[in-house]
Every structure is written in C-alpha cells, then in structure tokens.
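Structural characterization, general
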Amino acid sequence: MTRIVIALALIAACSGARTGSTSSGTGEPLIIKRVAVSWGIEKQSQGGEAMADVFLATTDETGKQVSHPLGRYKGTCTVITPAREMNALTGVACRTGPTGTELHAVVQHGEDIVVLKLGIDEGVRQDPMAREEVTRVKVPTGAKIEVSGG
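For the structure given in this document, a descriptive report is provided here. (Residues numbered from 1 in each chain as written. Predicted model: local features only at pLDDT ≥ 70, side-chain atom pairs only at ≥ 80, totals over all residues. Heavy atoms only, no water.)

1. Brief notes about the overall build of the protein
To be explicit about the condition: Per the convention used, a helix needs a DSSP run of H or I reaching at least four residues, while a strand needs a run of E reaching at least two, with both numbered from the N terminus. Note on areas: Shrake-Rupley with a 1.4 Å probe; residue coverage comes only from the protein chains shown.
When helices and strands are tallied, the protein shows 1 helix and 9 strands. Each helix (α) and strand (β) of the protein, taken in turn from the N terminus, gives the series α-β-β-β-β-β-β-β-β-β. Summing over all exposed atoms, the protein offers an accessible surface of approximately 9700 Å²; the carbon and sulfur share of this is 53%.

What follows is the structure, given as structure tokens:
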C-alpha cells in the first residue's frame, strides 16, 4: 500500500502538476482575458437641438482600448442601468423630455457584445423584443466581460 502512495506522489511530482499555479509553465505569469465595457458620449448641437454622438469603448487586459461609434442620438444622453428584463450589462438613455432612445450592451454567447436600440416613451412599458441591433463587437472566447466606470 505504501508503494502505491509513493508512486502516485512521484508521478504527480514528475508530471509538474501544481495546484493554484499562476504561471503558464514558461515562467511567465498567466494572463486572464478580460474586456471592460464603457460608454463615450460627445455632446453636439444640430439646428439648436441637443444631440450626442455615442460610442461603446472596449478595453482589454493589456489596456488596449477600441472605440465603436454607434451614431448620433437626439437629446441629452446619460449612462443608465437598464431594466432587469433587458438582460443588459449597461446602457445609455438619450432623452428629449418624455421620449427618447436607450442603447443596451448585451453579452451574447460569451463571445459578442451586442448593442441594441430601443425607443422609449414615458409611462409605456418597454418590450425587450422591440429592440433593434445597432452593432456587434467580438470579444475573445472565455474573456470576462465587465462594466468599466463611466
């Protein structure tokens, strides 16, 4: 019985099996894929009306940031937390009084961030199925997708 235990210990030691390793085996630290999502909003004015150019920014674990233009929207735009039934990470609401547009960033299959657009009217219940796709951003498979401040 002692031989089996010793043999298993030798096999584990020779195979390089480690628990809780933070290295890829090459001496380099293991880099975890991560994508932080944030919004960029540039205020504009068109014919005296408040407008805003909206961007989705993605930042990877190396600090590389990519800005994805989503278009110009009417009204004053602010970052929001979408209604729970929208199943969105984060969003932006562009309002002109009681009406406007919401943009939602939704993770799909863990490999795409899909930005969806929804018209809003105050007092009217929003329907998640009424949203239209604006753009789709590919992220590395298995990356942790999180909301960045801003």
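Right, picking up where we left off after that structure.
2. Digging into the sheet that holds strand β1 (residues 34–46)
Strands belonging to one sheet form pairs held by backbone hydrogen bonds; the direction of such a pair is parallel or antiparallel. Just so we agree on the cut-off: Strands qualify as paired when DSSP identifies two bridges or more between them. Think of each axis as a best-fit line through the C-alpha atoms, taken over the contacting stretch in the case of a helix, with angles from 0 to 180 degrees between the N-to-C directions.
With mixed pairing, the 4 strands of this open sheet are ordered in space as β3-β2-β1-β9. With partners counted over all chains shown, the strands left at the sheet margins are β3 (65–74) and β9 (144–147), one partner each. Recorded for the sheet is a direction-independent mean angle of 25 degrees between the axes of neighbouring strands. Summarising the sheet, β1 and β9 pair through 4 bridges and their orientation is parallel. Bridge assignment links Val37 to a residue of β9, and that residue is Val147.

3. Thoughts on the state of the cysteines
Our working rule: By definition, disulfides here are pairs of cysteine sulfur atoms that lie within 2.5 Å. Three exposure classes are used, based on accessible area relative to the maximum for each residue type with a 1.4 Å probe and protein chains only: buried under 20%, partly exposed in between, and exposed over 50%.
For the structure on display, the rule yields 1 disulfide. Between the sulfur of Cys77 and that of Cys94 lies a disulfide, 2.0 Å long from S to S. Between Cys77 and Cys94, the S-S torsion sits near 110 degrees, and that sign places the bridge as right-handed. A residue pair is termed long-range when its members are at least 10 positions apart, and Cys77 in strand β4 (residues 76–80) and Cys94 in strand β5 (residues 90–96) qualify at 17 residues. Side by side, Cys77 and Cys94 carry an identical accessibility label, which is buried.

4. Quick notes on the pattern of salt bridges
Heads up, the rule is: For this analysis, a salt bridge means a side-chain nitrogen from Lys or Arg found within 4 Å of a carboxyl oxygen belonging to Asp or Glu.
Enumeration over the complete set of coordinates arrives at 9 salt bridges. With a closest N to O distance of 2.7 Å, Arg72 and Asp53 form a salt bridge. Pair noted here: Arg72 is in strand β3 and Asp53 is in strand β2 (residues 49–60), with a separation of 19 residues, a long-range link. Residue Arg72 is classed as partly exposed on the basis of its relative accessible area of 40%. On the basis of relative accessible area, Asp53 is assigned to the buried category, the value being 14%. Here Asp112 and Arg136 are joined by a salt bridge, their closest N and O atoms 3.3 Å apart. With a gap of 24 residues between them, Asp112 in strand β7 (residues 112–121) and Arg136 in strand β8 (residues 132–138) connect regions that are remote in the sequence. By relative accessible area, Asp112 is classed as buried at 6%. A relative accessible area of 38% places Arg136 in the partly exposed class. Among the ionic contacts, a cluster of salt bridges with common partners joins Glu111, Asp112, Glu133, Arg136 and Lys138.

5. Side note on the side chain of Arg131
Selection rule: By the counting scheme adopted, Arg and Lys are positive, Glu and Asp are negative, and His together with the chain ends is not counted. Here a polar contact is taken to be a pair of N or O atoms separated by no more than 3.5 Å, where protein atoms must pair a possible hydrogen donor with a possible acceptor and residues adjacent in sequence count only if both atoms sit in side chains. Any two residues whose heavy atoms approach within 4.5 Å are treated as being in contact.
Tracing the chain through its elements places Arg131 in the loop between β7 and β8. Buried and unpaired, Arg131 has no salt bridge, with Glu102 as the nearest side chain of opposite charge at 7.6 Å. Of the polar contacts made by the side chain of Arg131, one reaches the backbone oxygen of Met86; its length is 3.0 Å. For Arg131, the side chain forms a polar contact with the main-chain oxygen of Pro128, separated by 3.1 Å. If near-sequence neighbours (up to four positions away) are discounted, Arg131 is found in contact with Met86, His104, Val106, Leu116, Lys117 and Leu118.

6. What about the environment of Ile80?
Within the fold, Ile80 resides in strand β4. With near-sequence residues (within four places) excluded, Ile80 lies in contact with Thr90, Gly91, Val92, Ala93 and Glu102.

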